[in-house]
Structures are given as C-alpha cells and as structure tokens.
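Descriptive structure summary
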Amino acid sequence: LAVEQKAANASAAVSRAPTESVYRPACPACLNVDVMALQHPRKCALEPWVVLSQSKLWTIQTKLYDELGGAAWGNASTTVPFFVTCNAFVAKSYARSVRAFLRDLHAAGRLDEAEPVYLIELGGGSGKFAWNFLESWAEFRASPGFDPAWLKYVMTDFTESNLDNWAARTRTLGRHVAAGRLDFARFDGTSSKEIVLRNSGVVLRRGDVANPMVAMFNYVIDTLPADAFQVHRGRLQELMVTTGTDRTCEHEVSGDPRFLMRVEVGWNMTDLQLNDYGLVYPRAGAAHPIAARHMNAVLKWYTDTYTRQMRNSGIQLLENDATARVSRDKLPDDKVQATATFLMPSGGIVALQSLMDIADGSLMVLTGDKGTTRGDFNWGFQPPTVAKHTSFSLMANYHAIALWFVSQGGAASCSNLAASSLQVCAFLSLKATNDRAARLEALPDAPFDSDSPAHSLFARSPLLGETFDDLAMWTGPHEYFHIQSLTRRREKQASMPPMSVAGLTSLMRWSADEPDMIFKLKNELLRMSSMKMNSRENKLLRDVCTRALARFYRVDRNDVPYELGRMLYNLGDYAHAVQAFELSLGEFEEHPSTLRNLGIAQYELGRMRAALSTFERAASVRDERRAAKVAAGQARQKRRVNTEANEEGTKEAFEHEDDVDVWLRKLRKEVGELDGAVSASAARPDAVASPSTTATGEGGAGSRAAATPKAAPKAAPTAAPTAAPKATPPPRAA
C-alpha cells in the first residue's frame, strides 16, 4: 500500500510545484525511515525498524523513572499504578511464603544460621510493598526451625533518586534500617554483576553469599526490555518496531510523561536475523551466555510446539524458503490460527540470571504482574499491546520464564486463572551455576502440570509449595483486588444495607489492616463510628483504626490519617485521634480542617494551651488561603474572565472559618481563667495547686471540666470532627 500510494503521489506531483512529502516530514533524520507503519502519515519517526528490545521505548522509560523519582507514584498527574501488588494483604502473603521457604531450607540443612538470607526486591518503586512486607515480617515470632532475624531485606532500583526517597522515609522505612532488617542498593538487572549495599557497605557477589537468596518483584517484568516473535505456518519470525510522535522533527527523547503519550508504535514482521552461530541470542541487551543458551532453547520449544499443533490442525506449513513472506492482511479469517505471537522477556530473564549468578544458582523468586502463564493464549497475529499509564508496560510472559527456569533444572508454579490478567508465580532453582550451564533440561509440554518434572524441586520444599499454592490458587492478589473493588462500588450505592461492625472488622482483618481500605470505606466507617454501640463493638472499631494508622505509608494524595482521626474522635479515643491528625499534618500540607479537628481533640484531653496554639494556627492558615484565593480571583479578573465566576472563586472553601473564631474566643477565655486561678493559688502560701490546674494547662480530662465556663458560647462547636470534612484546598495564587 505504501509503494502504491507513493507512486500515485509522484504521478500527481508532475502537474504541481514540488512540496513537502505527504508521507514523510521534511526532516533529514526521517527521510530513510518508513513511517507508513505509523497510523498517521505526518508523524516524525524516532527510529528505523529495530527489534523490540533495542527500541527507544526503553530509553524513554528509563528517563521517565529517573526524572520523576518518587513522584511517579505520588503525583496526581503522573501516577503509575501500584495498589494491586503493594497492599498489606499481598505483602503478608509473600511474607508467609518466604517464611515457609526458610523453614524448608533449615529442615534440609541448607541454611547457615550465622549468615543472613538476603531478600532482593527488584524495582522497589514507592517503597510501600517493602514497608508492608517488613511490618508483617516483624509480627512473626521465632520458633523451632525459624528465626525472623535470619532475613535481610534489600530494596533495589536502577535510579539513585528512588534510593534517596527511601532513605528520607525515617518514620517508616527508617525504623527497619535502624533495626538492621533493611538496606538499599542500586541494581540494574540488565547490566549489574554485583549488589553493593548502601548502608552497610556489604558487596553481594558470586562466592560471597553463603545462603540461597530470595528475589521479589511486582510489576517489573512488564517494564523491562522484551522481544516479540511469531510462529507463522511453521516458521519463526520476529516482529520489528518503529516509533514516532505527532510533532515534526521531535527526535530528542524526553522523560516527560507527555512525550510518552505522544509516541506511537508501528509493527512489522521480518525473517530472523541470526548471529554467526545460527541463533537469535546472544544479542545486545541479552548477551549473558547462560541466559542466551536457555532462551534459544525456549524459542525452539515455542517453534516446535506451535508447528506441531498447526500440522495436527491441518494448517499448510510454509516451505523452508527464505523469501516467503506472509502478512496478516493475507490470512483468511479461518486461518488466523496459522500464527502464534508471543513475547520473550529477555530483559527480565537477564536480570534473573544476574541474581542467580550472585546466588550461585540457589534462588527462589516470587513475582506478580499482568500477563499470561499459558501458551495457548498466544494464538493469532496480535502485536503486543503497549499500555500507557504515565510509563508504559507490556504483558509479562511468565510461561516463557517458567520454561527458562525448567530448562536449567528449576521448578515453576504459577496461578492459572484464564480470566485474570494479574498472575503470581514462584520459581525455584537450587543448582550450582556450572551444573546449569553444562546441559539443557528437556522441556515438558506443560511446565505447570502437576505431573511435570518441573515440580520435582517443590517436593524438596513442601512448605513453600503448600503456602504458595494457597496464594496462587485461592486467596491471591487477583481475588483481593476484586473484593476490595466490590466494597468500593458498594460504598457508592446508597440502596445497599449498612455493614455490621463484625462484618467490617472481619474485612479489615482479612485485608491485613490495609489503610487504603479504610479510605475506600470511610463513609461506612464514619457512619458506624458515630452510632451508639456497646463497649465491645467500640473496642473492635478502635482497634481497626489504630492498626490501620500504624500501617500507614504515604504514596498518593489520599489523606488516610485525617479520616482515621475523625473516626477515632467519634469513638472517644482522643489520644489516638490526636496522633492521627498530627500524622496528617506531618505527611500532607496544613489544612484548616485538620488543625481545627486536632484542636478539638486536644481540648477533649484537657490540653488547653496546645489547643489554643492549634486554633491560632488554624486561623492563620485559613487567612492565608483566603488571601491566596482573593489574589487568584483578582488575577483572573485582570485577564477579563467572567465576573460571576471570579466572585465564586474568591469564596472561602473552608466551611468552618467562623467556628474557628468561636473556639479561639472560648479557649482564650478559659486559658485566661486558668492562668488567673494559678496566680491566685500561688499568691496564697498555704494553697496547694490542683493537679488539674497546672501552669501549662496540660492536665487530664478534669482540667478541661474545671476550666469550662458554665455558659459556653452559643456557637461553640459540640459536633464531632465528622461534621467537618476536609474541603478541597483552593488553588494557590497564580
């Protein structure tokens, strides 16, 4: 089509003056690039046809994560998905599997108790998964055959900015660093050969690691370089990729997420470019000799298996003709099964090979990602989908990774939910590196079948096999994600009957006290906490809220501590309500609603001076926000924006500004009376100051009762903080 269209254009150009090509931008860098594969003819090509693993897409991805750092997960406009595999439920399930593995190692006599077992997390990202894992691990108790102190957790990433972000988390991750359970390291799976721990200075390299290692990573495989192949009528071919943007001559690759959103991907197929050995690998980006040897074995398995199935289905195979080319458009609808398309996660395999080398072949892997664990999902000509979400990702082919492990004598076990895009897998290898390089294991037809030799090593790790089977098949991330999605939808349906206290607390315990679940159920919890209930129900809800508060790790803009403070205040737990509001102020920006509710909780505890200081700050922040909104409204008015909209924009968003003034007058009067009582008491030599009327005004509940005037101001707020939901902060001054 491209050739025919170019000929038609050349014919039409005879009768008109020469103009810029309709099909290529007037840019020297684009002249030799066929951009017709891109869906719009005026795109600027970023690169010629290349294999997928060498595309500039991966350069864009690396720049994006390097420039955004921690903001990739916490900025509203650039949020990378993280909840489904970073929640407390999934982290606790992984922790149970690791504990089972350590028990098996100890029972088999393969554990040196004097040396740590290093757990390496690839792509630590926001740090929330590590936090939840370590919190769950800290709850485990030592028992015969197991000691939590054996484990050393190492968070890794390829960019230093993420390591700096983790080190700054002193309230959360810093606790585990101080306890010696956690360390950080920069590790690029496609190039690093050793791991240098940032805090302790220990270097992990082959020969220096005494115990088998554990590797964990979620949503990492789908972001590492991969290659795309297809078996068409018995012939293995490779999908080539080219990229372009909708702007002329935009060749400079940028880490700006908006740049990635403009990038378009085009696909084409070609006969394989084999190396001097007649093999696909090694190639740039996948040059590890052992990894390449086994990846070639996996490619051969796919070619032989799909060719055999095509032959058995009566599909005519292509002759072994190097010039034969078949495109998707030439395939009749009933012969689409003549093609099987699949990804080879070469970048992820090389990263696993690097870890396996460091561990000298003894490595257990836990991983979760969107992807497939079945080879029969690959039928049809379906170019890989490039999903964009600030960054981009592809589907993870865990089936290929399982074949790769099995080819080295390893074991593989994965979830096998046909309707699920989220899969969890465990891989295990206990062979020495030299043994793995010596020969290729025979690959079974189905690496996950119960009668497959792939499960022979799980017979040597029975506790791990049983624990992971429960995670993968019954109560895994897929089930948790959909159950919490149902609760979120339930929250929005007013017709649904209210939940019981017992039902809600059971749901929270099942979620391992995930704070984000609190945020999804905040309306239900606020309603429940404001109802009359017996002391047992009150304690159940208070325990739920305090455990969720202790688990909180900020990533996004959901102010969970603020909502927990409102619930705890309703339940009469003013001390923990104060902690929640103070945590909200420490993790998020100061807001008048948070300060107001903190002041009320301090008042209930009898901390008069602290409450007065908090309300003074609330009034100050309120006035600053009001001035900023007025300035913003004036700026808009100067730009001749609609006057009515300007007036609406200058209104104060904080709903309780008069309430703050009433509280200030009330507290100033009470503190003044308290100071007067203390002064009068000090003037009488024989008087003894009451403990409830100290000079600081920070007594117990009795001090508040003693200091409260008989006739409180008419407008004094008696409503709980639930009556003061946080208003949306107004925009800052332009």
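In this convention, every chain numbers its residues from 1, walking through the sequence in written order. Reporting of local features is limited, given that this is a predicted model, to residues whose pLDDT is at least 70; pairs of side-chain atoms are given and counted only at 80 or more, and all residues count toward the totals for whole chains, interfaces and linings. Working from all heavy atoms in the structure, the side-chain values ignore hydrogens and water.

1. Notes on the overall build of the chain
This is how the line gets drawn: Under the DSSP-based scheme used, a helix requires at least four consecutive residues in state H or I and a strand at least two consecutive residues in state E, with every element numbered from the N terminus. When a residue's accessible area, from a 1.4 Å probe over protein chains only, is under 20% of the maximum for its type it is buried; when over 50% it is exposed; and in between it is partly exposed. Note on contacts: a residue pair qualifies if any of its non-hydrogen atoms lie within 4.5 Å across the two residues. Using a 1.4 Å probe, accessible areas were evaluated by the Shrake-Rupley method; residue-level cover was limited to the displayed protein chains.
Scanning the chain from N- to C-terminus turns up 26 helices and 18 strands. Split into buried and exposed, the 734 residues of the chain put 53% on the buried side. Contacts in the chain between residues far apart in sequence, at least 24 positions, make up 78% of those at least 6 positions apart. When the accessible area of the chain is evaluated, it comes to approximately 32400 Å², of which 52% is carbon and sulfur surface.

2. Focus: unusual backbone geometry
Tyrosine 281 connects to proline 282 through a cis peptide bond whose omega is 5°. For proline 282, the position within the fold is in the loop between strand E11 (264-271) and helix H10 (289-312). Phi is positive for arginine 233, which is not a glycine, with a value near 50°. Following the sequence through the fold, arginine 233 ends up in the loop between strand E9 (227-232) and strand E10 (235-245). Phi angles above zero are rare outside glycine, and aspartate 360 is one such case at about 55°.

3. Concerning the packing of aromatic side chains
Heads up, the condition is: The rule is short: rings of Phe, Tyr and Trp, with Trp giving its six-membered ring, pair when the centres are within 6.5 Å, and they are stacked under 30 degrees, edge-to-face over 60, tilted in between. When the NZ atom of lysine or the CZ atom of arginine is within 6 Å of a ring's centre and also within 35 degrees of its normal, the charge is said to sit over that ring.
Tallied over the entire structure, the rule returns 25 aromatic pairs. Ring plane angle 50° and centroid distance 5.8 Å describe the contact between tryptophan 166 and phenylalanine 184, whose orientation is recorded as tilted. Here the residue tryptophan 166 occupies a position in helix H7 (residues 160-167), and phenylalanine 184 occupies one in strand E5 (residues 182-186), the gap between them amounting to 18 residues. For the pair tryptophan 166 and phenylalanine 184, one class covers both residues: buried. Ring centres of phenylalanine 552 and phenylalanine 588 lie 6.3 Å apart, and the angle between their planes is 35°; on these two criteria the pair is classed as tilted. Of this pair, phenylalanine 552 sits in the loop between helix H19 (535-551) and helix H20 (560-570) while phenylalanine 588 sits in the loop between helix H21 (574-587) and helix H22 (592-604); the two residues are 36 residues apart in sequence, bridging distant segments of the chain. Grouped by ring-pair contacts, the aromatic residues Tyr94, Phe129, Phe133, Trp137, Phe140, Phe146, Trp150 and Tyr153 constitute a single cluster. The ring of tyrosine 281 carries arginine 283 above its face, with NZ or CZ at 5.3 Å from the centroid. Seen from the ring of phenylalanine 519, lysine 522 lies directly overhead, with NZ or CZ sitting 4.4 Å from the centre.

4. Here's the deal with the side chain of asparagine 87
Note the threshold: The term polar contact refers here to a pair of N or O atoms within 3.5 Å; inside protein, the definition further demands a hydrogen-donor-capable atom paired with an acceptor-capable atom, and it admits residues adjacent in sequence only when both atoms are side-chain atoms.
You can see asparagine 87 is positioned in the loop between helix H4 (83-86) and helix H5 (88-107). Looking at asparagine 87, its side chain comes within polar contact range of the main-chain nitrogen of phenylalanine 89, at 3.2 Å. Reaching out from asparagine 87, the side chain makes a polar contact with the backbone nitrogen of valine 90 at a distance of 2.9 Å. Setting aside chain neighbours within four positions, we find asparagine 87 in contact with Asn132, Tyr480 and Glu514.

5. Comments concerning the state of the cysteines
As a reminder, the rule being used: Disulfide: a pair of cysteine sulfur atoms within 2.5 Å of each other.
Counted by the stated rule, this structure contains one disulfide. Shown here is the disulfide that connects cysteine 414 with cysteine 425, its sulfur atoms set 2.2 Å apart. Every disulfide takes its handedness from the sign of the S-S torsion; for cysteine 414 and cysteine 425 that torsion is 120°, giving right-handed. A residue pair is termed long-range when its members are at least 10 positions apart, and cysteine 414 in strand E17 (residues 411-414) and cysteine 425 in strand E18 (residues 422-430) qualify at eleven residues. Among the residues examined, cysteine 425 registers a relative accessible area of 1% and is labelled buried.

6. Side note on the nonpolar core
Counted only if it meets this: By nonpolar core we mean a set of buried residues, namely Ala, Val, Leu, Ile, Met, Phe, Trp, Tyr and Cys, connected to one another through side-chain atoms within 4.5 Å.
With 95 residues, the main nonpolar core has Val98, Phe133, Tyr153 and Met216 as its most contacted residues. Residue contributions to this core peak at nine residues, all from H5. Those residues in contact with phenylalanine 133, other than ones at most four positions away along the chain, are Ala91, Tyr94, Ala95, Val98, Leu119, Leu151, Tyr153 and Met216. Grouped together as the second largest cluster of nonpolar side chains are 59 residues, Leu272, Phe342, Ile349 and Val406 included.

7. Here we look at the confidence of the model for the chain
Definition in use: pLDDT expresses how confident the predictor is about each individual residue, on a scale running from 0 to 100.
The predicted model of the chain has a mean per-residue pLDDT of 76, with 71% of residues at 70 or higher. The least confident element of the chain is helix H26 (residues 701-707), whose mean pLDDT is 35; the most confident is strand E3 (residues 117-121), at 97. A low-confidence stretch, residues 319-336 stays under pLDDT 50, and its non-local contacts, those more than four residues away or across chains, total 25 contacts. In the model, residues 722-734 has pLDDT below 50 throughout and makes 34 contacts with residues more than four positions away in sequence or in other chains.

8. With respect to the pairing of E9
Stated formally: If DSSP finds at least two bridges between two strands, the strands pair.
With six of six residues buried, E9 lies mostly within the body of the structure. Every second residue of E9 is oriented toward a common face, with Asp227, Phe229 and Val231 on one face and Ala228, Gln230 and His232 on the other, all of them buried. Of the strand pairs in this sheet, E9 and E10 are connected by four bridges, and their pairing is antiparallel. Among the inter-strand pairings, phenylalanine 229 is bridged to a residue of E10, identified as glutamate 238. Between E9 and the antiparallel strand that follows it, E10, lie two residues; arginine 233 among them carries a positive phi value of about 50°.

9. Quick notes on the environment of serine 511
For serine 511, the position within the fold is in the loop between helix H16 (501-510) and helix H17 (515-520). The exposure class of serine 511 is buried, given its relative accessible area of 0%. Along the sequence, serine 511 and isoleucine 483 sit 28 residues apart, while their C-alpha atoms lie 10.0 Å from each other. Setting aside chain neighbours within four positions, we find serine 511 in contact with Ala88, Phe89, Tyr480 and Met517.

10. Let's talk about the environment of glycine 180
The residue glycine 180 is located in the loop between helix H8 (173-178) and E5 in this model. Separated by 31 residues in the primary sequence, glycine 180 and alanine 149 have C-alpha atoms spaced 9.1 Å apart.

11. Points about the packing of H16 against H19
Short version of the rule: Axes here mean lines fitted to C-alpha atoms, for a helix over just the part in contact, with angles spanning 0 to 180 degrees between N-to-C directions. Here the word oblique covers every angle except those under 35 degrees (roughly parallel), over 145 (roughly antiparallel) and from 65 to 115 (roughly perpendicular). Here is the rule for handedness: rotate from the far helix to the near one, and if that takes an anticlockwise turn smaller than a right angle the crossing is left-handed, while a clockwise turn gives right-handed. Three residue categories are used. Nonpolar comprises Ala, Val, Leu, Ile, Met, Phe, Trp, Tyr, Cys and Pro, charged comprises Asp, Glu, Lys and Arg, and polar comprises the others, including Gly.
As a packed pair, H16 and H19 sit with axes 10 Å apart at the nearest point and diverge in direction by 25°. Put simply, H16 runs roughly parallel to H19. The crossing of H16 and H19 is left-handed. Of the residues in H19, those in contact with Val501, Leu504, Thr505, Met508 and Arg509 of H16 are Glu537, Leu540, Leu541, Val544 and Arg547. Among the residues making up the contact of H16 with H19, the classes are represented as six nonpolar, one polar and three charged.

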